[in-house]
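Tertiary structure, described
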Amino acid sequence: MTDPLSSWHRLAGGCVLLDGFHALKHAVRFGAEVPVAVTTDRRAALVLAEELAPDVRDRLDALLTEVPEETYRSLVSRPHPTAVAALAVRPDRQDNLRALELPRSAPVVVLDQPRNLGNTGAVVRLAAGFGATGVVTTGTLDPWHPTVVRGGAGLHFATVVERLTVEELPRGPLFALDPEGEDIRGVKLPDDAVLAFGSERSGLSAQLRSRTDHLLALPMRPKVSSYNLATSVAMALYHWSAGGGASVP
Ligand SMILES: C[S@@+](CC[C@H](N)C(=O)[O-])C[C@H]1O[C@@H](n2cnc3c(N)ncnc32)[C@H](O)[C@@H]1O
């Protein structure tokens, strides 16, 4: 059997870090290819699996190799309380781009130049939970950054996650969220909508606004400037699902 440390070092550059039990559990559950997974305590990890993820317990049993604490710490920048870490193969970009295209049965969420890694992870988690087609970011933030994957709890494998330019955004009616827009409560969001949200600091870019078909506002009382980005995505996806959009396959 190959020693996990040499596999890790050979694969780390081209793979996605799954940091912690929950990230590994979700990735395995949603079909990620996981070539190496380590823990400092296999028994404890399998007890967690029995309690929280019996559906993937046997696969985790086959995947996890116990390593000394020191080895584990040398592989991750910030040790996770569950002391589990793994590497997963990133989904193919061309497959992802095809999945984002029309026809679609659920919206694509666009984050226009997001800045905050935690917000972006939370949005991936929301998109996965609601069964959105995917999350596309514009700008410089890498939506597969380890901190985003950690924030997304490994759910990058349950939806499509890609970075594109505004020109490359998937086709479909573009609804951009902005406090100056029309009240979202009077609008039914179609299943093939592209739902765009602005950056935490400066809102929607001029480039994205110029492509927008409908500008929509979330209900908000006067004198409040705006909501947090991830909570705005949550409200918009909830509004879509409450209009009949499917949240389960
Ligand atoms: C933190 S806000 C951006 C605030 C920014 N200072 C601005 O000028 O818009 C991040 C994004 O969340 C969405 N958002 C926040 N509050 C909203 C509201 N009341 N209605 C619609 N969208 C909202 C928008 O897409 C916004 O660009």
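Every chain is numbered independently, its residues counted from 1 as its sequence is written. Where local features are concerned, this predicted model is filtered to residues with pLDDT of at least 70; where side-chain atom pairs are given and counted, the filter is 80 or more; whole-chain, interface and lining totals use all residues. Note that the side-chain values use all heavy atoms of the structure and ignore hydrogens as well as water.

Another aspect to go through is the overall build of the protein. Numbering goes from the N terminus for both helices and strands, where a helix is a DSSP run of H or I of at least four residues and a strand is a run of E of at least two. Tallying secondary structure elements over the protein gives 10 helices and 10 strands in all. Here the radius of gyration uses the C-alpha set of atoms, whereas the globule reference equals 2.2 Å times the residue count to the power 0.38. A compact globule built from 249 residues would reach a C-alpha radius of gyration of about 18 Å, and the protein, at 19 Å, matches this within 12%. Considered along the principal axes of its C-alpha atoms, the protein spans approximately 60 × 40 × 35 Å. Relative accessibility under 20% of the residue-type maximum defines a buried residue, over 50% an exposed one, and the middle range a partly exposed one, all with a 1.4 Å probe and only protein chains included. Per-residue burial for the protein yields a buried fraction of 49% across its 249 residues. We call two residues in contact whenever any of their non-hydrogen atoms come within 4.5 Å of each other. Sequence-distant contacts, at least 24 apart, represent 80% of the contacts inside the protein between residues at least 6 apart. Residue exposure ignores everything except the shown protein chains as possible cover, and the areas themselves are Shrake-Rupley values with a 1.4 Å probe. Summing over all exposed atoms, the protein offers an accessible surface of approximately 12,000 Å²; the carbon and sulfur share of this is 51%.

Successive residues of a regular strand alternate their side chains across the two faces of the sheet. Burial analysis of strand β4 (residues 84-89) places 5 of its 6 residues in the buried class, which makes it a mostly covered element. Strands are treated as partners if at least two bridges between them are detected by DSSP. Sheet topology places strand β1 (residues 15-19) next to β4; 5 bridges connect them, and they run antiparallel. Residue leucine 17 lies in a different strand from β4, and its bridge partner there is leucine 87.

What follows is about the domain arrangement of the protein. Domain start and stop positions are those given by an automatic or database domain assignment. Domain annotation for the protein reports domain 1 (4-89) and domain 2 (93-242). Placing the centre of domain 1 and that of domain 2 at their C-alpha centroids yields a distance of 29 Å. Contacts between the two partners involve 16 residues from domain 1, matched on the other side by 9 residues from domain 2. When the two sides are added together, the surface that domain 1 and domain 2 hide from each other amounts to roughly 1,000 Å², 68% of it contributed by carbon and sulfur. Once two parts are put together, the accessible area they lose, assessed with a 1.4 Å probe and summed over both, is termed the buried area. Among the residues domain 1 hides against domain 2, the three largest losses belong to Val16, His26 and Phe30. Together they make up 40% of the total. We note a salt bridge from aspartate 19 to arginine 150, for which the minimum N-O separation is 2.6 Å. The rule for a salt bridge is simple: a side-chain nitrogen of Lys or Arg has to be within 4 Å of a carboxyl oxygen of Asp or Glu.

Take the nonpolar core next. One recurring pattern in soluble globular proteins is that nonpolar side chains are buried together. In this text, buried Ala, Val, Leu, Ile, Met, Phe, Trp, Tyr and Cys residues form a nonpolar core when linked through side-chain atoms within 4.5 Å. With 50 residues, the main nonpolar core has Leu18, Leu24, Val34, Leu60, Phe197, Val233 and Leu237 as its most contacted residues. Residue assignment places this core across two domains, with domain 1 (4-89) and domain 2 (93-242) each supplying three or more. Leave out the neighbours within four places in its chain, and leucine 24 touches Leu18, Val34, Ala37, Leu60, Leu64, Val84 and Ala86. Val108, Val166, Ala176 and Ala196 belong to the second largest nonpolar core, which has 14 residues in total.

With burial as the criterion, each face of strand β5 (residues 108-111) is covered, one bearing Val108 and Val110 and the other bearing Val109 and Leu111. Here β5 runs beside strand β6 (residues 134-137); their pairing, made up of 4 bridges, is parallel. Bridge pairing in β6 places valine 109 opposite valine 135. For crossovers, right-handed means that the path from the first strand over the helix to the second runs clockwise, given strands pointing away from the viewer. Traced from β5 through helix α7 (residues 117-130) to β6, the parallel crossover comes out right-handed.

What follows deals with the sheet that holds β1. Two pairing modes exist for strands in a sheet, parallel and antiparallel, and in both the strands are linked by backbone hydrogen bonds. The mixed open sheet is built from 4 strands, whose spatial order is β1-β4-β2-β3. Each end of this open sheet is capped by a strand with a single partner; those strands are β1 and β3 (64-66). Across the sheet, the axes of successive neighbouring strands diverge by a mean angle of 25 degrees, strand direction being ignored. Helix axes are fitted to C-alpha atoms over the stretch in contact, other axes to C-alpha atoms as well, and angles between N-to-C directions run from 0 to 180 degrees. Helix-sheet contacts for helix α1 (residues 4-11) involve β1, β2 (36-39), β3 and β4, and the interaxial angle to β2 is about 125 degrees. Contacts from helix α3 (residues 42-52) reach β2, β3 and β4 within the one sheet, and its direction differs from that of β3 by about 150 degrees.

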